[in-house]
Amino acid sequence: MSDHGEQAFAGPAILQEVNPAVLPRPALVANNRDFAWITNKICGIVEGGTPAWWWWCFGVACFIASFTVAGIIYVVSTGVGVWGHRTPINWSWPIVDFVFWIGIGHAGTLISAILCLLRQKWRTSINRSAEAMTIFAVVCAGIFPVFHVGRVWYAWFLFPIPTYNGIWPQFRSPLEWDVFAVSTYGMVSVMFWYVGMIPDLATLRDRFGAAGRVIRARIYGFFAMGWRGSARAWSNYEMAYLILAGIATPLVLSVHTIVSFDFAVSLIPGWHTTIFPPYFVAGAIFSGFGMVLTLMLPLRALYKLEDLITQYHIDCICKITLATGTMVGYAYAMEFFIAWYGANPYEGFTFINRAFGPYAWAYWIMITCNVITPQLFWFKAVRRNTTFVWVLSIFVNVGMWFERFVIICTSLARDFLPSSWGYLSPTVVDIFTFFGTFGVFSVLFLLFIRFLPLMAMAEIKAVTPQADPHSGGSHSHG
Amino acid sequence: MKRKIIHPAPSERAVNGPQYWRSLGELADSPGFRSHLEREFPEGASGIDGVDRRQFLKIMAASFALGGVGLAGCRRPESHILPFGKSVEGYVPGMPLYYATAMPLRKTGLPLLAETHEGRPTKLEGNPVYAPNGGSSSLLAQASLLDLYDPDRATAHTRNGSVLDSAAIAEVLTGIGRTYAGGRGAGLAFLAEESSSPTRFRLVQGLRRKLPQAVWSEYEPVSDEPAAEAARAAFGRSAKPVYRFARAKRIVSIDADFLHAEAGSLTHARDFAAGRRVTNKDDSMNRLYVAESAFTLTGSMADHRWRLASGHMLAFAGALALRITGDESYGALARQLDVKEGWIEECAADLMANKGECLVLAGSHLPAAVHSIAYAINAALGNIGSTVDLVEVPESRAVPISDLAARIKAGSVRTLVILGGNPAYNAPADLGWAALQRSVAEVVRFGSHVDETSALAGTHVAAAHYLESWGDARTLDGTILPIQPMILPLFGGLTEIEVIARIAGETVSDPRTLVYSTITAIAGGNPEASFRRFLHDGLLADSAYPKVSGDFDGSGLGRLVAQAPAPAILGRDSLEVRFVADHKVDDGRFANNGWLQECPDPITKIAWDNAILVSPKLGKALGIASKGSVLQVARDETNQFEKGREMAHVGEVTLGGRKLRGPLHIQPGLSDYTIVLPLGHGRMVSGRVGQGVGFSAYAIRSSSAPHFAAGATLAVTGERVVLADLQEHWSMEGRDIVREANVDEYHEKPDFVKEVGMEAETPSTIGEEGEQMTPAQRASEIPRGNSLYQTPKFDGVHQWGMSIDLNTCIGCNACVVACQAENNIPIVGKDQAARGRVMHWIRLDRYYSDGRLDGAAFGGDGNREIPEDPQVSLQPVACMQCELAPCEMVCPVNATVHDDEGLNVMAYNRCVGTRYCANNCPYKVRRFNFFDWNERRLDSLYMGPLGAQGMPELVKMAKNPEVTIRMRGVMEKCTYCVQRVENGKIRWKVKASQDGHPGEVAVPDGTIKTACQQVCPAEAIVFGNILDPNSAVSQAKARSQDYSLLGYLNTRPRTTYLARLRNPNPRMPDYQALPLSRRERNTKTHPGVAAQNGGTA
């Protein structure tokens, strides 16, 4: 080596001077938009007249939501037999739907809280609507565990209410943990969302007041809690927001971890596995970001928000989707490996059965949507084609529904004693009740975009190039 | 446990002293008064659908009135049926009373004890006084209780559409007798069911004397006793065989389902189990050879099973006889048999090595010639008097139904009295019974239901259920049993003997008096005392048929053989049809019984329907067997199952020009070209349960070949229907679920069971310390093993446990329905059953193994098809009462918890129905009330609040008042009959304190029996306190074959199983060195040890 080296390089092997390439940070608000433009743009959505498409969408969404309402009335009046459950598959669609919606509810808080703590500034233009999505998804999710029980009028037994009979809930049950996890998550999410919205509500109050629309001004004023934008208020606000972000961060991880305990703590092959908590959390984030894309891309197009939700935002979301999708794929592979490595014939059978048994169709839909789809996000050309990204995001949603279906139903359908094996067929009530929750979700989301500021104006202004005193440089925000 | 009340004899004063009455009518007890009593409450009250509470009270009130004054010609003892409006002496409200009675069925009766609550019979048990049955009872007996409370029963006597009261109907019957008395009965004909009743026998004799020209005919569509002519030919007298299975070390069954379908099956099962039970390694075990065409429970117990068409059984018997007797006259028969190399030879050699301790028997449906040859073989082997007793039976001089039909056709019958039965539904198709019956001028039908036959009869006489009747019956061995009423007839039904007595013009027609006279005449001694003893014991001691010596005489054999049909050549286009009584609804008489309809057939697992059973080979030829897949998990394991339901192809059978259509079900283990048609379904006029369930196989059944016939063809139609098949998957998948060994292996390695389970390959769940403990210590202290969790405290006086012996369980399903009766388990109907929502707390799992399961997930021969000739493994599964119950820790509301005696109990009121417990139960024994099964009609479950609501009053009466009725949305499961456990404890506690030992609260072993244990004829289920090392359950659990199902999960079930043993003959050509399920386990989960399998496949 030495001979060759001396001959080949006469000079020193080290550069005289390090000159890193300049990586231009993409601007988070494009086209040099100023503060007023941002305020007008976002407030304008609330202040302007209701567009015709909104009414159409709202009407359709209400109609779809009525399926859920009708389904629930039917179930409660008649019995959960109207669903497709049977022995041995005692949980099926309702629980699949619950986990599906709860998973979707993960992106919002993750974007708001974790990305806030990590100072990922690109979160600002999407966090408000992602949080709204979280809350509405939790609402949809909450419907299912409540109404899937046999006697919903006694569901309050699950809450630790000190009654005369002195019976407490059973704190060893993961379902009980679910009650606490989901309700805590729901409450913190609502609080976080609301606190973040206060300055913007105050802006709306002021603008409505100036326009002479007193009733609106009063309502927004009520919720703005007397916000005046003083430096002291801003200081307290920032601290409160940070603290809430801190509280919400572990919840992002805990909710789906605990939901996964419903399965991991049981002894059914295919459920009883320690990989579930991280795998479920990764899956939840994956599905959450999938849903963010599904909602945000049409919204961006409808309200012409390309300057606020830039290609850079889409790139970031796609990359997170890619990362979590790959994690999920890894988990699928690892389940198989452990089933083989564990040498337990019951366990081994479950996984072969998943991939090749009567539910193989569901399994391969899941693999296609969750493992193969996100791999396309490696390609810039794919990420740049918003239509294509939107289609892929739908695939992610479908795949994640099937993941829960595969985990819950295939494991239950064929467990220990072959004599009890069965096959689940959903009824129309299962299907329509689930379908209806998209209506419920849409109704809530449409109301949100119509009446609330769908982006955090104050925060976006802070990340505009103009907000940076060294504007024009390329290394300020991270 | 049992509390038998001996009613005090009526005092002298009560009998002869002043009698009190409320009106002159009552005193006179005129027919007018009695009909007035019936009309006391609103008109038509007894004619409407079901009974309401008011009517029930009325019945009580009527019984009060009648009880107070006595009936005409009847003495005070009528007061045995006492009204509950008045306190009964010695009765403690809320405590059940037990009375001895019997259930008559064909030529035998089943001794029973009826449990009554406040005057309502709610549960039937076997009468332990009758030793051969040991207190067990059958599936049909358990379910017969529900027939009493059937809302679809005939509720009134009718004549040409108008309702008659009891006085009027009595007059009609007496009138028939009067009309024909002049002509000495010419023009009068009776068609009755078979009966063992001595009183009926006596009355029929009387009838014959008075009306000698009347025709007395008997007809049973299904026979469960060997043809009488065979015994007469062989032994020259009217005799029948009584088998002693307990003494038989080698048994050959020629198409005889002696464990289930044949008369005396309870005794058989009990004795067979005694010879099968192996408690230590020195015990020997009987060996069962079965040649059969259908797949029966007896076949499932066989050590060697030959699938052979019923038509070839004569040749089989001949071949066996040739080998054993060496008599060349059997040669011609033997040559007709398709030889299975070495089978007959080795089987015969095995029998000859056990002379006097073996038994050969033939199925009742086989021709007399086969029975006669079986007698010859038994005689040659010295079995007569040892394992086969011959008893002399009274000769029936009844004419067959075909003779009666001929007379009707000839126009010589003017009045036809049909006593029970249902000929319009089940008479041979070639008779054209319906038309015949219509052609008779007057038809009087006596029956419990308005059915097909009643629809064609002018007069319908409502029959009383046997639980409402006085009567008598005889067991297989002839012991006379009383039938005594538990309740006054709910709908004023009459009994058969009453009807006969009235027509015969007997001076006495009160059934109790009739029975009284019969019994006291037979018993002798003090009539009152012996009759009371008879009722108290539930049997008449030493009344069995007399044993007769059997000197075999082969001279009649040739004639019988010549009469028997020659074996037909069978093939795809010439199939043999075998008609069998349905496992649950028998010949159709129980078709309106929901418990039975929902009880799955033990082999096919089909509930609510019958199906044309075809062999896998035939199924393939018909193209209905789905093709095997190369993937192990998707192979043809499901028998036409699609999305969890059996979608059966509909087939059309043609036999002798008659056709029927029905769903096809591929049944492994059938003779290749025999199709099996279960009878008893397809009722056209039945009740809300039985109406239109299945198809009627009677449609193609002729009187010349009633049990099996050759020459049928089968075509597949394009149609498909749903069958409620309760078990989709037939393979055990090589798992350690039912653990089996051959008895030889067991003798060498008594604890083999420990090596063939998962727990042999996992760390000990109870740790080193736990391994050192005694079973009693283990139960109360629960060693932690390697668990982090604190285990529950089991500090009760008792620790309950159960042991189920898979070696003796014959899979008869009696436990399933006994549990249903005891625990008020609802039925869910066919639609819901097909959706996998049956509610049975105990079920019987049935697995087939053919030893060809491969280890590989892909490809491989064994991974493809449903087997043709499998071994069957049956396993009763109920809640295991796990000490570390997975269901308990996941229930969020503490609705399922442990008590201190080891019961996993359900607090129904606390349950919200998350169903998490059912998911986490590895045994899948928890059952969920998806709908309000009890409050809603099964045909309108999906109507919700818009459907009809409420349980019929009559059905409510059948409920056990000690068990809660569960509402919708609640999980339920087996509790080891906690109500019985608590009753037993309370009674023992009271007794202990009365005896002055208030501290001795430990209930002695055997005092408390669970419903499933009590009914089991094979004594396979043992329950008791495992803290007591001498209790039967502790002894059973101490046996080396004891294992926990899925024990490696550390659930520590309190119910454990005793492994099943098989006893194949190593010299037989189909010898298997390992049970096939073990071979499968070895190849699938332990490919390394597959080499040890040995033997031939």
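As the structure is a prediction and not an experimental result, all values here were calculated from the model.

Attention now moves to the environment of valine 92 of chain B. Residue and element names in this part refer to chain B. Positionally, valine 92 belongs in the loop between helix H4 (53-69) and strand S1 (97-105). According to the relative accessible area criterion, valine 92 is partly exposed, its value standing at 41%. Taking C-alpha positions, valine 92 is 55 Å from serine 703, a pair spaced 611 residues apart along the chain.

The next subject is the pattern of salt bridges. All names here are of chain B. Under the definition given, this model contains 67 salt bridges over all chains. Residue arginine 1054 pairs with glutamate 883 through a salt bridge whose shortest N-O separation is 2.6 Å. In this pair, arginine 1054 sits in the loop between strand S37 (1042-1043) and strand S38 (1055-1058) while glutamate 883 sits in the loop between strand S31 (871-877) and helix H31 (886-890), placing the two residues 171 residues apart along the sequence. The class for glutamate 883 is buried, based on a relative accessible area of 8%. When salt bridges that share partners are traced, they join Arg106, Glu193, Glu220, Asp224, Asp586, Asp587 and Arg589 into one network.

What follows covers the sheet that holds strand S2 (residues 108-117) of chain B. All names here are of chain B. Taken in spatial order, the 3 strands make up an open sheet running S1-S2-S3, and their pairing is antiparallel. At either end of the open sheet lies a strand with only one pairing partner, and these are S1 and strand S3 (120-126). The average undirected angle you get between the axes of adjacent strands in this sheet is 40°. Bridge count for S1 against S2 is 9 bridges, and the pairing is antiparallel. Each residue of the ladder has a partner; that of alanine 102, found in S2, is proline 111. The strands that helix H5 (residues 139-148) touches are S1, S2 and S3; relative to S3, the one it contacts most, it runs at about 170°.

What follows concerns the confidence of the model for chain B. All names here are of chain B. Looking at chain B, pLDDT values average 84 and 89% of them are 70 or higher. At the low end of the mean pLDDT range in chain B sits H4, at 41; at the high end sits S38, at 94. Per-residue pLDDT stays below 50 along residues 1-5; that stretch engages in 16 contacts with residues further than four places along the chain or on separate chains. Taken as a whole, residues 40-83 scores under 50 in pLDDT and shows 71 contacts with residues more than four places along the chain or in a different chain.

Chain B puts 69 residues into the contact, and the matching count from chain A is 67 residues. Surface buried jointly by chain B and chain A totals about 5,600 Å² across both partners, of which 57% is contributed by carbon and sulfur atoms. Ranking the residues of chain B by area buried against chain A places Arg735, Tyr916 and Arg968 of chain B at the top, with a combined share of 13%. Put simply, chain B and chain A have 1 salt bridge between them. We note a salt bridge from lysine 924 of chain B to aspartate 415 of chain A, for which the minimum N-O separation is 2.8 Å. Inspection of the chain B/chain A interface yields 39 residue pairs in polar contact (both at pLDDT 80 or more). Broken down by secondary-structure element, the contributors of at least two residues to the side of chain B that touches chain A are strand S30 (843-849), H31, helix H32 (916-920) and strand S34 (927-928) of chain B.

All names here are of chain A. Take alanine 132: it is sitting in helix H6 (residues 127-147). Distance from alanine 132 to leucine 444, taken between C-alpha atoms, is 8.8 Å for residues 312 residues apart in sequence. Every residue in contact with alanine 132, bar those within four places of it in the chain, is listed here: Trp193, Phe445 and Phe448.

An α-helical segment advances 3.6 residues per turn. Residues three or four places apart therefore align on the same side. Residues and elements named next belong to chain A. Relative to the 39 Å expected for 27 residues at 1.5 Å per residue, helix H3 (residues 52-78) spans 39 Å between its end C-alpha atoms, a close match to the ideal helical length. Every buried residue of H3 is accounted for by Trp54, Phe58, Ala61, Ile64, Ala65, Thr68, Gly71, Ile72, Val75 and Thr78. Its buried side turned inward, H3 meets H6 and helix H16 (428-451). Once H3 finishes, glycine 79 follows within two positions and takes phi at roughly 130°, a positive value.

All names here are of chain B. On the basis of which strands lie adjacent, the open sheet formed by 4 strands has the order S36-S29-S38-S37 and mixed pairing. At either end of the open sheet lies a strand with only one pairing partner, and these are strand S36 (1021-1025) and S37. The pairing of S37 with S38 spans 2 bridges and is classified as antiparallel. Looking across to S38, one finds that tyrosine 1043 is bridged to tyrosine 1057.

All right, on to the nonpolar core then. If you look at the biggest cluster of nonpolar residues, it comprises 334 residues, and the most contacted ones within it are Trp101, Phe405, Ile408, Phe441 and Phe445 of chain A together with Tyr923 of chain B. Discounting residues that sit within four places of it in the chain, phenylalanine 445 of chain A has contacts with Ser129, Ala132, Met133, Phe136, Leu295 and Leu299 of chain A. Leu351, Ala374, Leu557 and Met1068 of chain B belong to the second-largest nonpolar core, a separate cluster that totals 51 residues.

Attention now goes to the side chain of glutamine 832 of chain B. If you trace the backbone, glutamine 832 of chain B turns up in helix H30 (residues 829-834). Discounting chain neighbours no more than four positions away, the residues touching glutamine 832 of chain B are Arg837, Phe931, Trp933, Leu941 and Tyr942 of chain B.

Bringing the packing of aromatic side chains into the picture now. All names here are of chain B. Applying the stated rule across the entire model yields 82 aromatic pairs over all chains. Arranged with centres 5.3 Å apart and planes meeting at 15°, the rings of tryptophan 800 and phenylalanine 1023 form a pair that is stacked. Here phenylalanine 1023 lies in strand S36 and tryptophan 800 lies in strand S29 (residues 800-805), a separation of 223 residues in the sequence. Judged by relative accessible area, tryptophan 800 falls into the buried class, the value being 3%. Seen from the ring of phenylalanine 295, arginine 305 lies directly overhead, with NZ or CZ sitting 3.9 Å from the centre. Its guanidinium or amino end placed over the ring of phenylalanine 579, arginine 701 lies 5.7 Å from that ring's centre, counting from NZ or CZ.

What counts and how
- Residues numbered from 1 in each chain as written.
- Chains lettered and ligands numbered in written order.
- Predicted model: local features only at pLDDT ≥ 70, side-chain atom pairs only at ≥ 80, totals over all residues.
- Heavy atoms only, no water.
- Helix = DSSP H or I, 4+ residues; strand = E, 2+ residues; numbered from the N terminus.
- Buried < 20%, exposed > 50% of the residue type's maximum accessible area, 1.4 Å probe, protein only.
- Salt bridge = Lys/Arg side-chain N within 4 Å of Asp/Glu carboxyl O.
- Pairing = 2+ DSSP bridges.
- Axes fitted to C-alpha atoms, helices over the stretch in contact; angles between N-to-C directions.
- Contact = heavy atoms within 4.5 Å.
- pLDDT = per-residue confidence, 0-100.
- Buried area = accessible area lost by both parts, 1.4 Å probe.
- Polar contact = N/O pair within 3.5 Å; in protein donor to acceptor, adjacent residues only side chain to side chain.
- Expected span 1.5 Å × (residues − 1).
- Core = buried A, V, L, I, M, F, W, Y, C linked by side-chain atoms within 4.5 Å.
- Phe/Tyr/Trp six-rings, centres within 6.5 Å; stacked < 30°, edge-to-face > 60°.
- Lys NZ or Arg CZ within 6 Å of the ring centre and 35° of its normal.

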